[in-house]
Amino acid sequence: MEKQGKALVTGAGGFIGHHLVTYLKKQGYWVRGVDLKLPEYGQSDADDFLVLDLRRWESCLQATEGVNDVYALAADMGGMGFISSHHAQILHNNALINIHTLDAARENGVRRYFYTSSACVYPEYRQTEANVIPLKEEDAYPAAPQDAYGWEKLIVERLCHHYHEDYGLATRIVRFHNIFGPLGTWEGGREKAPAAICRKVAFAKLTGDPEIEIWGDGEQTRSFCYVDDCVTGIYKLMCSDYTEPLNLGQDRLVTINELADIVANIAGVKIVKKHVPGPQGVRGRNSDNTRLRQVLGWEPEISLEEGLARTYAWIERQVAAKIQHTERELTLARMGETVALS
Ligand code: NAD
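Quick summary incoming for the structure in this document. (Residues numbered from 1 in each chain as written. Predicted model: local features only at pLDDT ≥ 70, side-chain atom pairs only at ≥ 80, totals over all residues. Heavy atoms only, no water.)

### Side note on the overall build of the chain
For clarity, the threshold we go by: Comment: elements are numbered from the N terminus, with helices defined as DSSP H or I runs of at least four residues and strands as E runs of at least two. Burial classification: accessible surface area is computed with a 1.4 Å probe over protein chains only, and a residue below 20% of its type maximum counts as buried, one above 50% as exposed, and the rest as partly exposed. Per-residue accessibility takes into account occlusion by the displayed protein chains alone, with areas from the Shrake-Rupley method and a 1.4 Å probe. Neither His nor the chain ends contribute to the count of charged residues, in which Lys and Arg are positive and Asp and Glu negative. Just so you know, the charge point we use is NZ for Lys, CZ for Arg, CG for Asp and CD for Glu.
Secondary structure assignment for the chain yields 10 helices and 13 strands. Viewed in the frame of its principal axes, the chain has a C-alpha envelope of about 75 × 50 × 35 Å. Considering the chain as a whole, with its 342 residues, one finds that 51% of them fall into the buried category. A total accessible area of about 15100 Å² is found for the chain, and carbon and sulfur atoms account for 52% of it. Across the chain, 37 positive and 46 negative side-chain charges occur, with their mean positions spaced 2 Å apart.

This is the structure we're talking about:
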């Protein structure tokens with residue numbers, strides 16, 4: 001199959017989309033990025049970057065015009081705190097984005113369409129134990145996804161399946177399991193667990209206050225996949241001819257407490273965990289990578305420790321800059337008060 005050509009990455013202003021644009025450029029593609037916003041933490045490598053609202057059909061037609069391949073990553077999303085408290089917004093916005101992007105791709109004669117689904121499609125009833133049985137792709141049914149976010153992902157998986165069957169569009173569907181890395185959201189409420197833990201540990205280190213908050217008892221489990229492995233997997237799946245949903249993640253299960261210990265170890269700081277009430281999602285979740293290995297002859301290779309070391313280094317720099325900025329503002333405010341008083 002022809003490998004180069006013109007590719008569209010939606011959500012190119014976001015975490016994975018930004019990395020994917022860079023990866024596709026290295027593969028020799030001409031790349032168009034589309035998002036509501038430009039990337040926050042560095043310039044996009046895209047040849048063309050359009051700021052568009054993909055909930056609108058006309059925007060989707062403009063975005064997909066003249067490209068061979070579409071990587072559909074745009075979504076209104078965030079970590080557990082956001083996903084568990086914005087159901088109507090998430091289902092409404094993401095359904096519009098995906099229905100319109102997929103149909104515009106068909107209308108414009110796109111060659112291949114890549115849809116980014118999530119481990120959140122798996123039924124809650126299979127994820128009640130911390131020591132969970134890893135999830136196989138067929139475990140998604142009978143359906144009972146987690147939250148509106150998971151329901152929307154499952155519906156669009158089916159939509160892709162039917163566009164393939166009924167219209168011959170070559171669709172690919174991936175189910176990500178907790179992707180992390182540098183250049184992702186690390187504060188503000190939409191950040192995911194690895195970024196939040198790195199931020200809290202960096203604050204502990206740089207301020208000398210060892211206490212970090214963990215939502216729940218911290219014994220909930222997940223697997224975490226570094227973003228470089230994620231974009232490699234995306235591309236391998238796009239180049240395959242596999243049209244069914246496929247897990248993409250690591251299959252090493254860790255508790256959130258263990259995740260915090262690994263990050264503290266990387267930072268070289270002693271932390272005190274304070275367990276506070278907060279959304280935790282399912283009790284345990286892990287990826288069964290049997291099919292991933294069969295289909296791609298590959299699976300993620302970067303260890304959790306290595307990925308976290310790279311991520312922590314980046315987040316510590318962001319936190320240090322933030323602390324410096326806040327101290328400068330405080331000094332200026334104090335100087336202003338002194339001048340006003342004198
Ligand atoms: P992200 O939030 O960093 O990126 C998503 C981007 O979509 C954002 O930049 C956002 O501005 C953009 N967007 C939102 N609404 C839009 C609209 N109306 N029009 C145009 N752009 C819009 O998220 P991410 O972590 O890079 O995730 C990328 C994809 O992978 C998403 O579909 C997400 O659901 C899926 N996914 C991610 C993970 C993960 O662990 N990061 C796990 C499972 C699935």
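There is more to say after this.
### Side note on the site of the ligand
Here is the rule we go by: Nearness is judged by heavy atoms alone; a residue qualifies as near a molecule or strand once a single heavy atom is within 4 Å of it. Any N or O atom pair separated by 3.5 Å or less is treated as a polar contact, with the protein-specific requirement of one donor-capable and one acceptor-capable atom, and with residues adjacent in sequence counted only for side-chain atom pairs. Each residue receives one of three labels: charged for Asp, Glu, Lys and Arg, nonpolar for Ala, Val, Leu, Ile, Met, Phe, Trp, Tyr, Cys and Pro, and polar for the others, Gly being one of them.
Around the ligand lies a shell of 26 residues, among which Ile16, Asp35, Tyr149, Lys153 and Ile179 are the nearest. One of the side-chain nitrogen or oxygen atoms of Lys37 is found 3.3 Å away from an oxygen atom of the ligand. The fraction of the free accessible surface of the ligand (820 Å²) that becomes covered by protein chains is 93%. Only helix 1 (15-26), strand 5 (112-118) and helix 5 (147-167) provide two or more residues apiece to the shell around the ligand. When residues of the shell around the ligand are assigned to their parent elements, the largest contribution, three residues, is made by strand 5. Across the shell around the ligand, the residue classes tally to 13 nonpolar, seven polar and six charged.

### Description of the pattern of salt bridges
Just so we agree on the cut-off: The working definition used for a salt bridge is a side-chain nitrogen of Lys or Arg within 4 Å of a carboxyl oxygen of Asp or Glu.
All told, the structure shown has 24 salt bridges when counted by the stated rule. Asp48 is the partner of Arg32 in a salt bridge, and the nearest nitrogen-oxygen pair spans 2.9 Å. Remark: Asp48 occurs in strand 3 (residues 48-51) and Arg32 occurs in strand 2 (residues 30-35); sequence separation between them is 16 residues. Salt-bridge contacts for Arg175 lead to Glu157; the nearest nitrogen and oxygen are separated by 2.8 Å. Taken together, the residues Arg175 in strand 6 (residues 170-176) and Glu157 in helix 5 connect sequence positions 18 residues apart. A relative accessible area of 2% means that Arg175 is categorised as buried.

### Concerning the sheet that holds strand 6
In plain terms, the rule: In this analysis, strands are considered paired if DSSP registers two or more bridges between them. Axis definition: a line fitted to C-alpha atoms, over the contacting stretch in the case of helices. Angles run 0 to 180 degrees between N-to-C directions. The criterion used for residue contact is that any of the two residues' heavy atoms lie within 4.5 Å.
The seven strands lie next to each other as 3-2-1-4-5-6-11, forming an open sheet whose pairing is parallel. In this open sheet, the two edge strands, each paired with only one partner strand, are strand 3 and strand 11 (245-248). Direction aside, the axes of adjacent strands within the sheet are offset by 20 degrees on average. Pairing geometry for strand 2 and strand 3, over four bridges, is parallel. From the neighbouring strand, Val34 faces strand 3, where its bridge partner is Leu50. Contacts from helix 1 reach strand 1 (6-10), strand 2, strand 4 (69-72) and strand 6, with the element oriented near 170 degrees to strand 1. Helix 4 (residues 87-107) contacts strand 1, strand 4 and strand 5 of the sheet and is inclined by roughly 165 degrees relative to strand 5.

### Re helix 5
The following threshold applies: Here, expected helix span is obtained from the residue count minus one, scaled by 1.5 Å.
The terminal C-alpha atoms of helix 5 lie 30 Å apart, and with 21 residues this matches the ideal 30 Å at 1.5 Å per residue to within 8%. Where helix 5 is concerned, the buried positions are Asp147, Ala148, Tyr149, Gly150, Glu152, Lys153, Leu154, Val156, Glu157, Cys160 and Tyr163. Phi turns positive, to about 75 degrees, at Gly168, one or two residues after helix 5.

### Some details on the environment of Thr128
Along the chain, Thr128 turns up in the loop between strand 5 and helix 5. A relative accessible area of 52% places Thr128 in the exposed class. C-alpha separation for the pair Thr128 and Gln220, spaced 92 residues apart in sequence, amounts to 9.6 Å.

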